[in-house]
There are 2 protein chains.
Amino acid sequence: MSYFNYLECSKCGERYSKDEPHNLCHCGGPLLVKYDLERVKKEVNKDIFKTRKKGLFRFEELLPIEDEKNIVTLGEGDTPVLKIQNLGEKLGAKELYIKNEALNPTGTFKSRGAAVGISKAKELGIKTIAMPTAGNAGGAWSAYSSKAGIELVVAMPEDAPELAKKEAYVYGSKTYLVKGLISDAGKIISKGVEKHGWFDAATLKEPYRIEGKKTMGFEIAEYFNWEFPDAILYPTGGGVGIIGIWKAFQELKELGWIKDKVPKLIAVQAEGCNPIVKAFNEGTKDSEFCKGANTIAGGIRVPKALGDFIVLDAVRKSNGTAIEVKDSEIVELLDILAKTEGLFICPEGASLVAGVKKLLREGFLKSDEKIVLLNTGSGLKYPDLIKEKLPVAEINADI
Amino acid sequence: MSYFNYLECSKCGERYSKDEPHNLCHCGGPLLVKYDLERVKKEVNKDIFKTRKKGLFRFEELLPIEDEKNIVTLGEGDTPVLKIQNLGEKLGAKELYIKNEALNPTGTFKSRGAAVGISKAKELGIKTIAMPTAGNAGGAWSAYSSKAGIELVVAMPEDAPELAKKEAYVYGSKTYLVKGLISDAGKIISKGVEKHGWFDAATLKEPYRIEGKKTMGFEIAEYFNWEFPDAILYPTGGGVGIIGIWKAFQELKELGWIKDKVPKLIAVQAEGCNPIVKAFNEGTKDSEFCKGANTIAGGIRVPKALGDFIVLDAVRKSNGTAIEVKDSEIVELLDILAKTEGLFICPEGASLVAGVKKLLREGFLKSDEKIVLLNTGSGLKYPDLIKEKLPVAEINADI
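Residues numbered from 1 in each chain as written. Chains lettered and ligands numbered in written order. Predicted model: local features only at pLDDT ≥ 70, side-chain atom pairs only at ≥ 80, totals over all residues. Heavy atoms only, no water.

### Focus: the pairing of strand β10 (residues 231-235) of chain A
Residues and elements named next belong to chain A.
- Among the 5 residues that make up β10, 5 are buried, leaving the element largely enclosed by the rest of the structure.
- Because side chains alternate across β10, one face comprises the buried residues Ala231, Leu233 and Pro235, and the other comprises Ile232 and Tyr234, equally buried.
- As defined by bridge partners, β10 adjoins strand β11 (residues 264-270) across 5 bridges and the pair is classed as parallel. Considered in β11, the bridge of Ala231 is made with Lys264.
- Handedness of the crossover joining β10 and β11 through helix α8 (residues 240-254): right-handed.
- The sheet contact formed by β10 and strand β13 (residues 370-375) spans 3 bridges and is parallel. Bridge pairing in β13 places Ala231 opposite Ile371. (Buried < 20%, exposed > 50% of the residue type's maximum accessible area, 1.4 Å probe, protein only. Helix = DSSP H or I, 4+ residues; strand = E, 2+ residues; numbered from the N terminus. Pairing = 2+ DSSP bridges. Right-handed = clockwise from strand over helix to strand, strands pointing away.)

Right, here's the structure in full:
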């Protein structure tokens, strides 16, 4: 049973009812879901979660779905946390972990946001949803909307990963390729929303996607027996994951379930698209639009995130940092991780391996700290990154 | 703790010690792992499994790894079982389920066999493993051997799925493309094994892969609260999965944990490669080599399986059947499943949707039976099956 109470603007604090669809606040701020945590504290024991059927909906008290018949699930969440010891030793980190979101129904963490976003849309009776996407969110929302019987309109950059296009197509979404970046796709969707009355599910323009992503924070805390690790590295594009994890940790603290210091949240970006890193270094509250954004890690090619100010706040309040890595480092570390740990991850995730290497070398992270890399998806969605050269053997050849 | 007792030949019954590497029996029969089930019955309560950390190694008593430090895990197993209601209604099945093996570390059920096979190889001190593969097993064994620090030599058909080649390559296996079928790759590996002394891990030539696959059977039984569903459809190539599930069900019955009738096991093949279907229909014990084997579902393009006689025996003893479907039906049902259930699965899995449609129509399966489709992998590994045509929008276009 959900303890969802109301929606609250992250900028001005205005409250909105939970019973009808909402997008942004009048002031332009993203809305956040607020729960009756006082009642949760009294009525819920955190040990209950692990006795339930696996998947993110086992955290139902802290999710916004009020009637379980509206839950649209494909088995998302409860992805493995693995200690990466071989690579950890090479990098000089004794307690290096990866949470592998590749093991989600659509191969990325976007399944989480879509599961909760689409379930809530079904609960609110929404018929058509529209969204811009860098690629993977479009694939995920397409899958869940197909199961829910909700129509989805998606716009993504023409150069989005081939597999994201195929996903949107195979699930039957109305999909447009846009000659430009995700920000250009966003403009086209906004116009369509105004014209057709579709529900706008762009990042942070609907309040429920964060709640899905938030469960990564719960799972990490539970994995460490309801303690926090020392640091979490997160590949930062729209930043919903880092905001979700931050929100999860605030809720856990408010519930009194964890009393530790919150982990250092570390936003990793690519050199070619680094608005959060710039803003962090310059000490500003918001980021500036990054012109000519360019990186092979398409999921973090977001020139200006709507929730940039929340990301920056979380990074600062958690004593974290924001760093950038080169595309060449991403490619190199993706390969090294595969060859040492048997993990073929997405370039966004590989940026974290490059990032942790840098932060250990610089001393920002210490060798005995518990460090979690939040890998957002599978390398299988980026086949073009691997240029294999393999020998061909004739029938009956000797090898 | 494992209750592994000894290895036993599936043909002549000869026993082999569990403490050194073995391949086939002297008589040519595959070896099967035998446990001390009498002791398990006395000492283990089946409710213990669900209290453990998720993943297939939670069934440790019924797995062959004796020291947990040898476990090589990437978080495999415990994949979701989903009720597919939208499509079930269309097909006239009230209780249609899919177990989605796409949510494994390498995107297919091959992760299970590799996890147990590589862990046991590590336990036995094996340094180099060689295997032929249709593609996905090579990807999976490459991943786990990379983590374990074991050298892997792989041979796969030149026309294996692109992504399987990329996986073997990125994980650093010594990989050969062979101008021929998996049977030709097998011959090349056999010669290499003889020449170099590598450990041969071809399907059923090592006894532990089955044990990994077996856990699918445990998970299905547990999902239905330790009862059996009425039927399980399985895409049958080498047949290790169906043999594993059959073995799991025999163990559960011997343990007295389930008293039901075993589910009808249904082997689904493609028209272009149907040796098991032919043998089933002709009433023979073994299958004949299928010349010119051809289907888009590469994982079931196995012209002659070493364990064909075990598959046929399991299908018959379970009152199941063996059926073939057309490639065109596979493509059609893959698309329908994606558009109705939000599941983009591999063509091998889609063959089951075509199969269940046929068996419901013919009356072999009834509308109120509990039917499980065992989808072996993700559609993401077969991008070429989706030929998307998407409109391109200019910047600031109206949609």
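### Describing empty space enclosed by the protein
- This model, assessed by the stated rule, comprises 5 cavities of 30 Å³ or more.
- Around the largest cavity, the lining is made up of 13 residues, and of these Ala102 and Gly107 of chain A together with Ala102, Gly107 and Leu380 of chain B lie nearest the centre.
- Of the residues contributing to the lining of the largest cavity, the split by class is 7 nonpolar, 6 polar and no charged.
- Roughly 90 Å³ of volume is contained in the second largest cavity.
- Lining the second largest cavity are 14 residues, and of these Asn100, Leu343 and Phe344 of chain A together with Pro105 and Tyr171 of chain B lie nearest its centre. (1 Å grid on protein atoms, 1.4 Å probe; cavity = no way out; pocket = protein on both sides within 12 Å on 5 of 7 lines; lining within 4 Å. Points joined across faces, edges and corners; volume = space filled by probe spheres on them. Nonpolar A, V, L, I, M, F, W, Y, C, P; charged D, E, K, R; others polar.)

### A word on the sheet that holds strand β2 (residues 15-16) of chain A
Residue and element names in this part refer to chain A.
- Reading across the sheet, the 3 strands line up as β2-β1-β3 and stay open at both edges, with antiparallel pairing between neighbours. Each of the sheet's edge strands pairs with one partner strand only, and the pair in question is β2 and β3 (31-35).
- For strand β1 (residues 4-9) and β2, the ladder comprises 2 bridges, and the chain directions are antiparallel. Bridge pairing in β2 links Leu7 to Tyr16.

### Side note on the relation of the copies chain A and chain B
- Of the transformation placing chain A onto chain B, the axial shift is 0.0 Å and the rotation is 180°, giving an RMSD of 0.0 Å. As the rotation angle and translation indicate, the two copies are arranged about a two-fold axis. When each C-alpha of chain A is compared by its distance to the rotation axis, Leu103 of chain A comes out closest, at 2.5 Å.
- When the interface residues of chain A are mapped onto chain B, 100% of them again lie at the interface, so the same face is used by both copies. (Least-squares fit on C-alpha atoms with pLDDT ≥ 70 in both. Contact = heavy atoms within 4.5 Å.)

### Some details on the sheet that holds β10 of chain A
All names here are of chain A.
- With mixed pairing, the 6 strands of this open sheet are ordered in space as β4-β5-β13-β10-β11-β12. Strands at the two margins of the open sheet, each flanked by one partner only, are β4 (81-83) and β12 (321-325). When strand polarity is set aside, the average angle formed by the axes of neighbouring strands in this sheet is 25°. (Axes fitted to C-alpha atoms, helices over the stretch in contact; angles between N-to-C directions.)

### Some details on the packing of aromatic side chains
All names here are of chain A.
- Taken as a whole and judged by the stated rule, the model has 24 aromatic pairs over all chains.
- Ring geometry for Tyr223 against Phe224: centres 4.9 Å apart, planes inclined by 85°, an arrangement best described as edge-to-face.
- In textbook terms, an aromatic cluster arises when at least three aromatic residues are bridged by ring pairs, as seen for Phe49, Phe59, Phe218, Trp226 and Trp257.
- For the cation-ring pair, Lys264 lies above Phe364, with the distance from its terminal atom to the ring centre recorded as 5.6 Å. (Phe/Tyr/Trp six-rings, centres within 6.5 Å; stacked < 30°, edge-to-face > 60°. Lys NZ or Arg CZ within 6 Å of the ring centre and 35° of its normal.)

### Quick look at the interface of chain A and chain B
- With 71 residues of chain A at the interface, the matching set in chain B holds 71 residues.
- Linking chain A with chain B are 6 salt bridges, by the criterion used here.
- Across the pair Glu388 of chain B and Lys166 of chain A runs a salt bridge, and its minimum N-O distance is 3.0 Å.
- Inspection of the region where chain A meets chain B yields 28 residue pairs in polar contact (both at pLDDT 80 or more).
- Sorting the residues of the side of chain A that touches chain B by element identifies β4, α4 (136-148), α5 (162-170), β8 (174-178), α6 (182-196), α11 (327-341) and β14 (392-393) of chain A as the ones contributing at least two each.
- Among the elements that make up the side of chain A that touches chain B, the one with the highest residue count is α6 of chain A (8 residues).
- Residue classes in the side of chain A that touches chain B are distributed as 32 nonpolar, 15 polar and 24 charged.
- Of the strand pairs in this sheet, β14 of chain A and strand β8 (residues 174-178) of chain B are connected by 2 bridges, and their pairing is parallel. Counterpart to Val392 of chain A in the pairing with β8 of chain B is Leu177 of chain B. (Salt bridge = Lys/Arg side-chain N within 4 Å of Asp/Glu carboxyl O. Polar contact = N/O pair within 3.5 Å; in protein donor to acceptor, adjacent residues only side chain to side chain.)

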